[in-house]
Amino acid sequence: MRALYSGADGWKNDLTNSLALSAGKKLTYTPTVTGNRRQFTIMMNVRRVRHGVIEYLVSAGSASTLYFHSDDTLRWGGTAATGSLHTSRKFRDTEWMFIGFAFDSVARTMKMVVNDEEIDSFTTNTLPTANYQTFFNYNGSITELGGYNGGAGLVEANVSDFVLLDGEVLTPQEMINYRTQNVPFGNNVITTTKKFTTEDKQERYISLYRNDSASNTTKILDEGKYVERSTSSWDTIHSDVLPSTGRYLIEFGLGADAFNAVVGIGPAENTSPRGGFTTNTFGNFTGITFSGSSLKSFNNASTTIDPPEWGANVTHDMFSMYIDMDARTAILAINGVELPTVHSITSGDVRYYIDLHSLNPGASVNFGQTDYKYPKAGYGPLKEPNPPELEYGPNGTQLLFEDASDLGKSTVGNLVSWSLTGITSDDQLTDTPGDPYAILSAIATYGTGVDISRGGLRSTTNGSANNRGSYASFTSSHKIYCEAVFEASAADNNGGIGLGPIGIVPGESSDSFRWMSASTQRKGGVKSALGTNITAGQTVMIAFDPATGNAWIGKEGTWIGGGDPAAGTSPTVTGLASDCVPSSYHYSTSAYIVFNFGQKPFTYTPPNGFKELKSSNRETPQYHGRDKFDVVLRYADHIETKVYPAVKPTAVWTKSRNGAYSHSLYDVLRGAGKYLRPDVHDAEGDYIETLKLFEDNGYTLGTSNESNRAGNNYVDWLFGLDGTEVTNNDGTIPSQVIADSSGYMSLVEHVGDGQTTSTVGHGLGDVPELIISKNLETTQDWVVHSGIMTTGWIGSDSWLKLHTGSGQVTGTLLGADPTSEVFQPINSRNNGNGQRHLHILFRSVDGLSKIFSYKGTGSSTNGPNIDLGFKARWVMFKRIDSSGSWWIYDTERDTIQPMDVKLRADDSTTELTASHQIDFNADSLKLRMNNADFNASGATYIGLAIADVAGGGNLPAILGN
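For clarity, every value in this text was computed on a predicted model and none was experimentally measured.

A.B. asks: What's the story with the overall build of the protein chain in this structure? I'm lost.
C.D. replies: Each helix and strand counted, the protein chain has four helices and 75 strands in total. Against the 2.2 N^0.38 benchmark of 30 Å for 961 residues, the protein chain shows a C-alpha radius of gyration of 31 Å, consistent with a compact globule. The principal-axis extents of the C-alpha atoms in the protein chain amount to approximately 90 × 80 × 45 Å. By residue count, 60% of the 961 residues in the protein chain fall in the buried class. Sequence separation of 24 or more characterises 67% of the internal contacts of the protein chain that already satisfy a separation of 6 or more. As displayed, the protein chain has an accessible area near 32400 Å², and 46% of this comes from carbon and sulfur atoms. Computed over 74 positive and 102 negative side-chain charges, the inter-centroid distance for the protein chain is 4 Å.

Below, the structure written as structure tokens:
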């Protein structure tokens, strides 16, 4: 039940402040009364500033702590009795994230939430000892925010809206509902945080639990809506005690035909319903057993074997129980087919039980959290009709950090302020999850040994290596103003501030710049005098206009050379790239440089028209990635299948994940049944039983093995274009075009004339940045062109082959650079006389798509950070200066950071999982390996990324991934 915000004024942020925790800084609270040491919930928003070290978020003594490990996993632990959770996922984004943790040693559960998702993949998952008492909410035991076991502050992170509930155990869905909201955007939403309040009562559904501490292979996932067990032994899951009155529906949906599962209702004191499969040996139990293809129902004390209404060969998809607690009866049904016999339910308190044995894939469990598949009039969801308001308990609190004079102030719950260690009013920020400011990014650094601290605003290095620093975390298209202070003087060339694109050492390219600490500047690799130096404690002013590429530099309130940013006159430097960001620069020094992007009060008033570098001052995205692109995972059974994606399918690219079979590409422009194979250079195939029908709401696959081979798992990548087919006469050769109104992609088909001067209209409405072409009628190369190539669109090294891993190919296949209307194919591969050709064109659209390039660093841990301006959903990479495969990643086949599940576009091999790791972050991609196909030192790469979602402007920023 998340709140939805909309309207002309855009989304409204309900948080105003955060606190910058850093070395030596923490908050502490010592309870004077013992509360509930066995049951509590912790929630907070966190923005990580530093990675790769242990950082304690909140702890009570040495036995109970929530922290980031040095491997960047999120963990709970302390002693064996406390239990342990170690996430598989790594958290290395530098944007805000919501973290929730609920501990219950009575029910022996621990639940962890990040943003709007329950974390359910752990490398270590050990339950707490039954009824273990932690040191949280314990009289005389210190609780620390940012510290551990009484030591100094040990975290570099910003925190906001910290909540401790003493005695309340929220379910994962409740934590998500209380702390996140979905803001409408296009046909989808953006998920962001919201301020916690107990007045925002949430529906509370029946919960599932496991009792056996050894049952680590028994999993309760997806906010309690999915269960599985991979071990070949029995284990039991049970629910809360069911209400004593009312009529309810529970659905148990199998992922495959089940073996050895027992599902139903029994006495609350039972440890499990397990028993024989032919006779009822476990007493007063009402339900069903699944054993191979046979079913057995239990009617309290009697057993029915293979009910004839169901039959032995029925696919056992959904088991429904229609429960009448007033009459103490249950109606059982499989796939909506009910048994005529109404079963009885034993007297007294009862629970819903699931006994499982080798149940993998698992089963869905629906108490009403989602729509029922087989609803029945009068039977409703199992939830509390009037859930009570949450209580903070004797030691519960909420810290909002809004009062600079008392940053430990508790606003609700226990109103005793937390004690401050090392914290001053200067640590208060206006940086919040919905509207974050730029920070110096720990994932966007250059050189080695760069250290970021103090809320992401201070930069230093750990030695004497050259050319090191950090970039601001995001760019902006508006005029920006920021300030910087050197905490210590540095010799000439040893420190400075810069402006340049992410990935470029500022001052070493013609479109970047840096001001050194002792009266020199550098641009285009050339050093020259600037006429003024920077001394310790002086405030440097930076104003940049991306529209003109002009920047003004000043200090202590005076602009160098009499410049006037507001009037646009006498800039300090010109000719800068439009995507420049402020950056720190270190050269043989460990001096500290402290930036302020507006999250603290500026020392000087920004020039008129220049703004803080924060999310709400960025351009508002116009398109939601999920409105234009989708990823479908499906299992093939070689029968005609209708697929329903979330977008109108204009182009469908499909590949078997577990079979070494070719890729297949279909599109509306060429029509149903016509397919291409991107990994080979064959001519177009034509067989209606491949993809036999395109419709607005989906596509139908036929019985061909091309894309529907039995037993294969497939991924379908769907490109949704909202245009219709038109004849385009912008070129000298007419073409058939389908283009998206955003301009991110168009499909073009034309009949070639074999000439070298002919042009073809493409319909993008702007200059394309990537063109993929294929002669449909002959065995010819797939041709890939981009202005990113070594010689640009034309020249000796100007194209690649999609179906091979070779590097740039010598020769020219275009007669001129493309324009906003046409391109000029001149070769038989893309303009063969009398032959049909398909062209797929892309360009970068803010918040939706990005054609990018980067230089490899060769680092196995700190590879390039590729700025996208959005969270990616699909990415394809290729090395261009040497051989290397076309690699494809997406966030449906791999959901755990870092991503390492991939396919080759140029090869039919099965899906690979290897240590070619990439972090998909809120605004960027971060490479975490030095494989030559991705990150060889000095190598050049090209890529295409399609967005999941972007934020900023009138929309909330994207939460850290």
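Let us keep going from here.
A.B. asks: Help me understand the sheet that holds strand 56 (residues 698-701), please; the structure alone is not making it clear to me.
C.D. replies: Remark on secondary structure: sheet strands pair via backbone hydrogen bonds, oriented parallel or antiparallel. Read across the sheet, three strands follow the order 50-56-55 without closing on themselves; strand pairing throughout is antiparallel. Only two strands of the sheet have a single neighbouring strand rather than two, namely strand 50 (641-643) and strand 55 (691-695). Put simply, the sheet's adjacent strands are angled 20° from each other on average, direction ignored. The pairing of strand 50 with strand 56 spans three bridges and is antiparallel. Looking across to strand 56, one finds that Val643 is bridged to Tyr699.

A.B. asks: How should I be thinking about the pairing of strand 64 (residues 797-801) in this particular structure?
C.D. replies: Residues in a regular strand point their side chains to alternate faces of the sheet. Pairing of strand 63 (residues 783-785) with strand 64 involves three bridges; the strand directions are antiparallel. Bridge pairing links His785 to Trp799 in strand 64. Here strand 64 runs beside strand 65 (residues 809-810); their pairing, made up of two bridges, is antiparallel. Paired with Asp797 across the two strands is Thr810, which belongs to strand 65.

A.B. asks: Just checking my understanding: could you explain the UniProt feature "domain: DUF7483" (unreviewed entry) in the protein chain for this structure?
C.D. replies: As recorded in UniProt, the sites labelled "domain: DUF7483" (unreviewed entry) are residues 646-948. When the span residues 646-948 is considered, its composition is 4% helix and 41% strand, and the gap between its end C-alpha atoms is 13 Å.

A.B. asks: What is the right way to read the side chain of Ser798 from this model?
C.D. replies: Note that Ser798 resides in strand 64. At 3.2 Å, the side chain of Ser798 and the backbone oxygen of Gly795 are in polar contact. With sequence-adjacent residues up to four places away left out, Ser798 is seen in contact with Val784, His785, Ser786, Met789, Thr791, Gly792, Trp793, Val809, Gly811 and Thr812.

A.B. asks: Can you help me understand the environment of Asp919 in this one?
C.D. replies: Here Asp919 lies in strand 73 (residues 912-920). Counting along the chain gives 23 residues from Asp919 to Ile896, while the straight-line C-alpha distance between them is 9.3 Å. Filtering out sequence-adjacent residues up to four positions away, Asp919 remains in contact with Arg92, Gln897, Pro898, Ser924, Leu925, Lys926 and Arg928. A distance of 2.9 Å separates the side chain of Asp919 from the side chain of Arg92, its partner in a polar contact.

A.B. asks: Quick question: what am I supposed to make of the domain arrangement of the protein chain here?
C.D. replies: When the parts come together, some accessible area is lost, and that loss is often what is quoted as the size of the interface. Annotation of the protein chain at the domain level lists domain 1 (18-189 + 392-429), domain 2 (216-366), domain 3 (440-616), domain 4 (625-719), domain 5 (726-842) and domain 6 (849-950). Taken together, the contact between domain 3 and domain 6 spans seven residues of the former and eight residues of the latter. In total, domain 3 and domain 6 occlude about 550 Å² of area from one another, counting both sides; carbon and sulfur atoms represent 44% of this. It is Ile443, Thr445 and Ile502 that lose the most area in domain 3 upon contact with domain 6, and together they represent 70% of the buried surface on that side. At the junction of domain 3 with domain 6, the criterion picks out zero salt bridges. For the side of domain 3 that touches domain 6, the per-class residue count stands at four nonpolar, three polar and no charged.

A.B. asks: Honestly, the sheet that holds strand 74 (residues 924-927) in this entry has me stumped. Any pointers?
C.D. replies: Taken in spatial order, the eight strands of this open sheet run 68-75-70-71-72-73-74-69, and their pairing is antiparallel. The sheet is open, and its two edges are formed by strand 68 (849-855) and strand 69 (865-867), each paired on a single side. For this sheet the average axis-to-axis angle between neighbouring strands, irrespective of direction, equals 35°. In terms of strand pairing, strand 68 meets strand 75 (residues 940-949) through seven bridges, oriented antiparallel. Along strand 75, the bridge assignment pairs Ser849 with Ile946.

A.B. asks: What am I meant to see in the pattern of salt bridges here?
C.D. replies: Side chains that differ in charge, positive against negative, can pair when their charged atoms come close. According to the stated counting rule, one finds 48 salt bridges in the structure shown. Among the salt bridges present, the one from Arg47 reaches Asp431, with a minimum N-O distance of 2.8 Å. Here Arg47 is found in strand 3 (residues 39-48), whereas its partner Asp431 is found in the loop between strand 34 (428-429) and strand 35 (440-446), with 384 residues between them in sequence. We note a salt bridge from Arg522 to Glu508, for which the minimum N-O separation is 2.6 Å.

A.B. asks: Honestly, the state of the cysteines in this entry has me stumped. Any pointers?
C.D. replies: Such a bond, covalent and formed between the sulfur atoms of two cysteines, is termed a disulfide. Following the criterion strictly, the structure yields zero disulfides and no others. Cys580 provides the cysteine sulfur closest to Cys482, a residue in no disulfide bond, and the two sulfurs are 12 Å apart. Looking at Cys580, the relative accessible area reads 2%, which means it is buried.

A.B. asks: Sorry if this is basic, but what is going on with empty space enclosed by the protein here?
C.D. replies: Taking a probe equal in size to a water molecule and rolling it over the atoms shows the remaining empty space. One pass over the structure, following the stated rule, counts five cavities of 30 Å³ or more. Of the voids in this model, the largest cavity is the one considered here, and its volume is about 140 Å³. If you go around the largest cavity, you meet 17 residues; those closest to its centre are Trp653, Leu665, Ile772, Ile840 and Phe842. Every element with two or more residues in the lining of the largest cavity is listed here: strand 51 (651-656), strand 52 (664-667), strand 60 (745-751), strand 67 (836-842) and strand 70 (871-879). Classifying every residue of the lining of the largest cavity by side-chain character gives 16 nonpolar, no polar and one charged.

A.B. asks: Just to check I follow, could you spell out unusual backbone geometry for this structure?
C.D. replies: What you tend to see is this: most non-glycine residues have negative phi, and most peptide bonds are trans. Note that the residue after Gln897, namely Pro898, is joined by a cis bond; omega there is 5°. Assignment of secondary structure puts Pro898 in the loop between strand 71 (887-890) and strand 72 (899-904). Despite not being glycine, Arg328 shows a phi value in the positive range, around 55°. Along the chain, the position of Arg328 falls in the loop between strand 25 (318-324) and strand 26 (329-334).

A.B. asks: Help me out: how do you make sense of the packing of aromatic side chains in this one?
C.D. replies: Working definition: an aromatic ring pair is given by the centre-to-centre distance plus the angle between the planes. Enumeration according to the criterion identifies 38 aromatic pairs in this entry. Considering the side-chain rings of Tyr29 and Trp418, the 5.6 Å spacing of their centres and the 25° angle between planes classify their relative orientation as stacked. Of this pair, Tyr29 sits in strand 2 (residues 26-29) while Trp418 sits in the loop between strand 32 (410-413) and strand 33 (419-421), and the two are 389 residues apart along the sequence. A centroid spacing of 6.2 Å and a plane angle of 55° characterise the contact between Phe40 and Trp76, whose relative ring orientation is tilted. Remark: Trp76 occurs in strand 6 (residues 73-78) and Phe40 occurs in strand 3; sequence separation between them is 36 residues. Comparing Phe40 with Trp76, the two get one shared label, buried. Through pairs of rings, three or more aromatic residues link up here, namely Phe852, Tyr854, Phe877, Trp887, Tyr889, Phe934 and Tyr941. Over the aromatic face of Tyr138 sits the side chain of Arg37, whose NZ or CZ is 3.6 Å from the ring centroid. Its end group placed over the ring of Tyr714, Arg634 keeps NZ or CZ at 4.4 Å from the ring centre.

About the cut-offs
Residues numbered from 1 in each chain as written. Predicted model: local features only at pLDDT ≥ 70, side-chain atom pairs only at ≥ 80, totals over all residues. Heavy atoms only, no water. Helix = DSSP H or I, 4+ residues; strand = E, 2+ residues; numbered from the N terminus. Rg over C-alpha atoms; globule rule 2.2 N^0.38 Å. Buried < 20%, exposed > 50% of the residue type's maximum accessible area, 1.4 Å probe, protein only. Contact = heavy atoms within 4.5 Å. Areas by Shrake-Rupley, 256 points an atom, 1.4 Å probe, with all protein chains shown as cover. Lys, Arg positive; Asp, Glu negative; His and termini not counted. Charge placed at Lys NZ, Arg CZ, Asp CG, Glu CD. Pairing = 2+ DSSP bridges. Axes fitted to C-alpha atoms, helices over the stretch in contact; angles between N-to-C directions. UniProt positions renumbered as here; feature names shortened; annotations may be inferred. Polar contact = N/O pair within 3.5 Å; in protein donor to acceptor, adjacent residues only side chain to side chain. Domains from an automatic or database assignment. Buried area = accessible area lost by both parts, 1.4 Å probe. Salt bridge = Lys/Arg side-chain N within 4 Å of Asp/Glu carboxyl O. Nonpolar A, V, L, I, M, F, W, Y, C, P; charged D, E, K, R; others polar. Disulfide = S-S within 2.5 Å. 1 Å grid on protein atoms, 1.4 Å probe; cavity = no way out; pocket = protein on both sides within 12 Å on 5 of 7 lines; lining within 4 Å. Points joined across faces, edges and corners; volume = space filled by probe spheres on them. Phe/Tyr/Trp six-rings, centres within 6.5 Å; stacked < 30°, edge-to-face > 60°. Lys NZ or Arg CZ within 6 Å of the ring centre and 35° of its normal.

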